[in-house]
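The lines below spell out each chain.
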Amino acid sequence: ALKKIEEQEYHITFNDKYKEYQAPNRKNNLRFFFKKNGFRVSPRVTQNTNLDKAIFSDEWQAEFNLLGYGRNGQVEHYFTGENFIADGNRAYIADDCMRIDYINNKKGMRQDFTINRKPISGKGFLTVSLQIDTEERMLINLILIFCYIL
């Protein structure tokens, strides 16, 4: 019973107060709010620290928005997914050309992109374009792995 409760802590559910899907991540002290083209992340629990009379807060947020994909930094297809589908700790949203999958677990929240149609221009590097909005300084470690499934 305890294991089931721990697993449910990572489920992606609809939040009536905010009118959007959300998922807490206890292990990493994060909370994710999902939108049609991405997500917003902030600390799940915040606290203030008083060091030598200066007060520091760990309150912050960052918003990650998928613009679309194309080649060589040019967006040829803008993402237009409408229906966010959640099941347990997994969710997805798709349009005719691409799909975004989410998995929330103790390792963090994983976001995968599946491209269903090749970009119109046939030459150059495949580019997935994201916009990141935050008032904080960020160090971004972005790993993209491209797989071809035959």
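Details of the structure are given in the entry above.
Computed from a prediction, not measured in an experiment: that's the story for all the values here.

(A) Region of interest: the environment of His 11. Checked against the element boundaries, His 11 lands in the loop between helix H1 (2-8) and strand S1 (13-15). Beyond its immediate stretch of four places on either side in the chain, His 11 contacts Gln 22, Ala 23, Pro 24, Gly 88 and Asn 89.

(B) The nonpolar core, seen in detail. Ile 12, Phe 34, Phe 39, Phe 84 and Tyr 102 are the most contacted members of the largest nonpolar core, which totals 20 residues. At the level of elements, strand S3 (30-35), strand S4 (38-43), strand S7 (62-71), strand S10 (90-94) and strand S11 (98-105) are the ones that each hand at least two residues to this core. Looking at which element gives the most residues to this core, the answer is S7, with four residues. Those residues in contact with Phe 84 that lie beyond four places of it in its chain are Ile 12, Tyr 21, Phe 34, Lys 35, Ala 91, Tyr 92, Ile 93 and Tyr 102.

(C) Quick look at the sheet that holds strand S9 (residues 85-87). Reading across the sheet, the four strands line up as S9-S10-S11-S12 and stay open at both edges, with antiparallel pairing between neighbours. In this open sheet, the two edge strands, each paired with only one partner strand, are S9 and strand S12 (108-115). Ignoring strand direction, the axes of neighbouring strands in this sheet form an average angle of 15°. Alignment of S11 against S12, held across eight bridges, turns out to be antiparallel. Looking at the pairing, Arg 99 lines up with Thr 114 of S12.

(D) Representation of the packing of aromatic side chains. Applying the stated criterion across every chain yields a total of nine aromatic pairs. When the centroid spacing of 5.8 Å and the interplanar angle of 70° are considered together, the rings of Phe 32 and Phe 39 count as edge-to-face. Of the residues examined, Phe 39 reaches a relative accessible area of 7% and is grouped as buried. By the ring-pair criterion, three or more aromatic residues cluster together here, those being Phe 14, Tyr 21, Phe 32, Phe 34, Phe 39, Phe 64, Phe 84 and Tyr 102. The ring centre of Tyr 92 lies 3.8 Å from the NZ or CZ of Arg 99, which sits over that ring.

(E) A look at the pattern of salt bridges. As enumerated under the stated definition, the model contains six salt bridges in all. Notably, a salt bridge pairs Arg 26 with Glu 9, separated by 3.0 Å at the nearest N-O pair. In this pair, Arg 26 sits in the loop between strand S2 (20-25) and S3 while Glu 9 sits in the loop between H1 and S1, placing the two residues 17 residues apart along the sequence. Overall, Arg 26 belongs to the partly exposed group, its relative accessible area being 45%. The exposure class assigned to Glu 9 is partly exposed, which follows from its relative accessible area of 24%. Across the salt bridge formed by Asp 101 and Arg 99, the nearest N and O atoms sit 2.9 Å from each other. Look at Arg 99 and you get partly exposed, because its relative accessible area is 29%.

Definitions and cut-offs
- Residues numbered from 1 in each chain as written.
- Predicted model: local features only at pLDDT ≥ 70, side-chain atom pairs only at ≥ 80, totals over all residues.
- Heavy atoms only, no water.
- Helix = DSSP H or I, 4+ residues; strand = E, 2+ residues; numbered from the N terminus.
- Contact = heavy atoms within 4.5 Å.
- Core = buried A, V, L, I, M, F, W, Y, C linked by side-chain atoms within 4.5 Å.
- Buried < 20%, exposed > 50% of the residue type's maximum accessible area, 1.4 Å probe, protein only.
- Pairing = 2+ DSSP bridges.
- Axes fitted to C-alpha atoms, helices over the stretch in contact; angles between N-to-C directions.
- Phe/Tyr/Trp six-rings, centres within 6.5 Å; stacked < 30°, edge-to-face > 60°.
- Lys NZ or Arg CZ within 6 Å of the ring centre and 35° of its normal.
- Salt bridge = Lys/Arg side-chain N within 4 Å of Asp/Glu carboxyl O.

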